[in-house]
Amino acid sequence: MIGSLNIGTPKIMGRRDFGKKLVGGFALGKVFSDGLDRSIYQKLAAWDKQNVDQEAPDGAYWDFITNQYMFEPGLIMMNNGTAGAMPRVVFDILTEYFRIQAANPFKCYSTFDAYREEARVRAAQFIGALPEEVTLLRNTTEGLTIVAYGLDMKPGDEVLMSNLEHPSGIFPWKLREKRYGIKIKEVTINTPPRNKDEILTAIRDGITPRTKVILISHAVYKTGLITPLKEICQLAKDRGVLVCADGAHCIGMLNLNMRDLGVDFYANSGYKWLGAPTGTGIFYVKKELQKDLWPNIVEADWENPAVGALKYSYVGRIADPLPIALGEAIHFQTNIGKMRIERRIKTLAAYLKEEAAKISNVKVLTPNDPELSGGLTVLALEGMKNDQFANYMLEKYNLVIARTFNEKNAIRVCTHIFISFKQIDTLLEGLKAVYGKK
Ligand SMILES: Cc1ncc(COP(=O)(O)O)c(C=O)c1O
């Protein structure tokens, strides 16, 4: 029950000790097993037994999932790409740990490291990485910035990026360009691209003998494209170039495995699709490259190889309940299943794209190919301005969408697991009412 969390006899363990413990990791589930009400997970397991492989149509299983969130009655949240929602069980963990800190700060500094470490190991497992390859940061920007400042490069060395990158990816490199004379080279990926090969050709053609690293969004925030990251990593590897992926949207949306992708650096925000609180992010650094990527802020034992990727999060004491709650968000998604989540998200998006394409003044900018698309769908609109339409949907239907920041008059729609086909129909109704006539 909430409020009865038993964190046991406080055992003082310094942060340094965790570097030593790290390689073996903690017994998963142990430190999370006490206390708060997790009957939701038993119920989920019961649903599992009743064959819920079907992602469509809506039904009791997905209603049950939606009910695990704390949305205001009537709110239709189709913009978790900007800020997502925590399931109740995650919120409860978050507030419970802040409560413990308020009630007994000793427990905070004597025990929270263990809970945080549990979350970190869980995150590694969730994304198919070794425990020593993952650390928890505040967000994607922080991870991308560590990569942009942390690699040794000479003036004239190049970073290759696409025309679709987010400012959080671009600007750390712009600063380095200005300060240290490295060069940014941009390649164009069409919207929408005709196929995967077109993207790979653009990147392949952009590589020069001076290219040291490629910055690429795994999910493009303004078009919804999912880039073929595995193939990009392969072609980069063949040419001795590193790949840094902006994965702000992808953990919690796609069924990911870092080792399978072959990516070198991967930065993510936990509060968009994963259902963790704001101020959380997952950062992956391939083990073999940790000797080549400098941290920006350090603590005493950062040079100890046993600390692995933890050295990138040595920033002094932080709000520990945040990463601890991220661990619970991972637990929540694991119980549903990464594969099922991806399928549900893509099934909803496919329906939206198919129906939106039938509306006369609406153009779908996100590819239909499920390999090149995910839960972000971008629609270009002809007629009413996108922000006016977003306001209209909010006022009339209490439905939240984002307008995109690209040159087109477009909106971005997120179809996460708490969204239903019925709610997509509500959006389509609004689109038809405004744009469906010549
Ligand atoms: C593709 C992409 N990269 C990076 C970011 C920055 O995320 P954060 O502010 O969590 O660091 C965003 C935020 O929306 C994004 O969409």
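Each chain has its residues counted from 1, running along the sequence as written. Since the coordinates come from a predicted model, pLDDT governs what is reported: local features require at least 70, and pairs of side-chain atoms require 80 or more to be given and counted, while whole-chain, interface and lining totals use all residues.

**Student:** Outline the sheet that holds strand β9 (residues 362-364), supporting the account with residue identities and numerical values.
**Tutor:** Sheet strands pair by backbone hydrogen bonding; their relative direction is either parallel or antiparallel. A pair of strands is labelled paired if DSSP reports no fewer than 2 bridges between them. Under the scheme used here, helices are H or I runs from DSSP no shorter than 4 residues and strands are E runs no shorter than 2 residues, and both carry numbers assigned from the N terminus. Spatially, 4 strands are ordered β9-β10-β13-β12 in an open sheet, and the strand pairing comes out antiparallel. At either end of the open sheet lies a strand with only one pairing partner, and these are β9 and β12 (402-403). Distance between backbone-placed C-beta atoms decides contact: two residues are in contact if it is within 7 Å. For every element, the axis is a line fit to its C-alpha atoms; helices are fit only across the contacting stretch, and the angle between N-to-C directions ranges from 0 to 180 degrees. Sitting on the sheet, helix α12 (residues 338-356) is in contact with β9, β10 (376-381) and β13 (410-414), with an inclination near 15° to β10. Against the sheet, helix α13 (residues 386-397) engages β10, β12 and β13, with an angle of about 40° to β13.

**Student:** Go over α13, please, and point to the residues and values.
**Tutor:** For a helix, the expected span equals 1.5 Å multiplied by the residue count minus one. Given a rise of 1.5 Å per residue, 12 residues ought to cover 16 Å, and the 16 Å separating the end C-alpha atoms of α13 matches this to within 8%. Backbone geometry just downstream of α13 places N398 in the positive-phi region, at approximately 60°.

**Student:** Just give me the short version of the sheet that holds strand β7 (residues 265-267), but keep the residues and values in it.
**Tutor:** In spatial order, the strands read β2-β8-β7-β6-β5-β3-β4; together these 7 strands make up an open sheet with mixed pairing. Edge positions in the sheet fall to β2 (134-137) and β4 (183-187), since each has one partner strand and no second. Across this sheet, the average inter-strand angle for adjacent strands is 20°, counted without regard to direction. Judged from the 5 bridges that link them, strand β3 (residues 158-162) and β4 form a sheet pairing that is parallel. The partner of S162 across the bridge, within β4, is V187. Seen against the sheet, helix α5 (residues 105-126) touches β2 and β8 (281-285) and runs at an angle of roughly 120° to β2.

**Student:** I'd like to hear about unusual backbone geometry, residue by residue, with values.
**Tutor:** Cis geometry marks the peptide bond from T191 to P192; its omega dihedral reads -15°. Among the structural elements, P192 can be located in the loop between β4 and α8 (196-206). Positive phi, close to 60°, is recorded for N398, a residue that is not glycine. By secondary structure assignment, the location of N398 is in the loop between α13 and β11 (399-400). Any residue with 12 or fewer other C-beta atoms within 10 Å of its own C-beta is exposed, any with 20 or more is buried, and the rest are partly exposed; the C-beta atoms used are placed from the backbone. By C-beta crowding, N398 is classed as partly exposed, having 14 other C-beta atoms within 10 Å.

**Student:** Lay out the environment of W62 with the relevant residues and their values.
**Tutor:** Mapped onto the elements of the fold, W62 is located in helix α3 (residues 60-66). Here W62 falls in the buried class, since 23 other C-beta atoms lie within 10 Å of it. With 355 residues separating them along the chain, W62 and I417 place their C-alpha atoms 7.4 Å apart.

**Student:** How would you sum up the packing of helix α4 (residues 88-103) against helix α11 (residues 321-336)? Please name residues and give values.
**Tutor:** Close contact between α4 and α11 brings their axes to 8 Å; oriented N to C, the two are set at 155°. Classified by the angle between their axes, α4 and α11 sit roughly antiparallel to one another. Handedness of the crossing formed by α4 with α11: right-handed. Every residue of α11 that contacts α4 at V89, V90, I93, L94, Y97 and F98 is listed here: P321, I324, A325, E328, A329 and F332. In this classification, Asp, Glu, Lys and Arg are treated as charged, Ala, Val, Leu, Ile, Met, Phe, Trp, Tyr, Cys and Pro as nonpolar, and every other residue, Gly included, as polar. Of the residues in the contact of α4 with α11, the class split is 11 nonpolar, no polar and 1 charged. Here the angle decides the label: under 35 degrees means roughly parallel, over 145 means roughly antiparallel, 65 to 115 means roughly perpendicular, and every other value means oblique. Here a crossing is taken to be left-handed if its near helix is turned anticlockwise relative to the far helix by less than a right angle, and right-handed if that turn runs clockwise.

**Student:** How would you sum up the site of the ligand? Please name residues and give values.
**Tutor:** Taken together, N139, T140, T141, H166, S168, G169, S217, Y221, D246, A248 and S269 make up all the residues around the ligand. Put simply, the parts of the chain that give the shell around the ligand at least two residues each are α6 (140-150) and α7 (167-180). Looking at the shell around the ligand residue by residue, the class counts come to 2 nonpolar, 8 polar and 1 charged. Any residue whose C-beta atom, as set from the backbone, lies within 6 Å of a molecule or strand is reported as near that molecule or strand.

**Student:** I'd love a proper account of the confidence of the model for the protein, names of residues and values included.
**Tutor:** The share of residues in the protein with pLDDT of 70 or more is 88%, and the mean pLDDT across the chain is 90. Confidence of the prediction at every residue is given by pLDDT, a number between 0 and 100. Counting contacts from residues 1-33, a segment whose pLDDT is below 50, to residues more than four positions away or on other chains yields 58 contacts.

**Student:** Explain the nonpolar core residue by residue, including any values.
**Tutor:** Working definition: the nonpolar core is a set of buried Ala, Val, Leu, Ile, Met, Phe, Trp, Tyr and Cys residues, joined through C-beta atoms within 7 Å. Counting residues in each nonpolar core, the largest one holds 118 residues, and the members touching the most others are A123, I127, I214, V243, Y284 and L379. The greatest single-element share of this core, amounting to 9 residues, is contributed by α5. Composition of this core by domain shows at least three residues from each of domain 1 (140-268) and domain 2 (339-435). Residues contacting Y284, with those up to four places away along its chain left out, are I127, A129, E133, V134, M258, F265 and Y266. A domain assignment, automatic or from a database, supplies the domain bounds used here.

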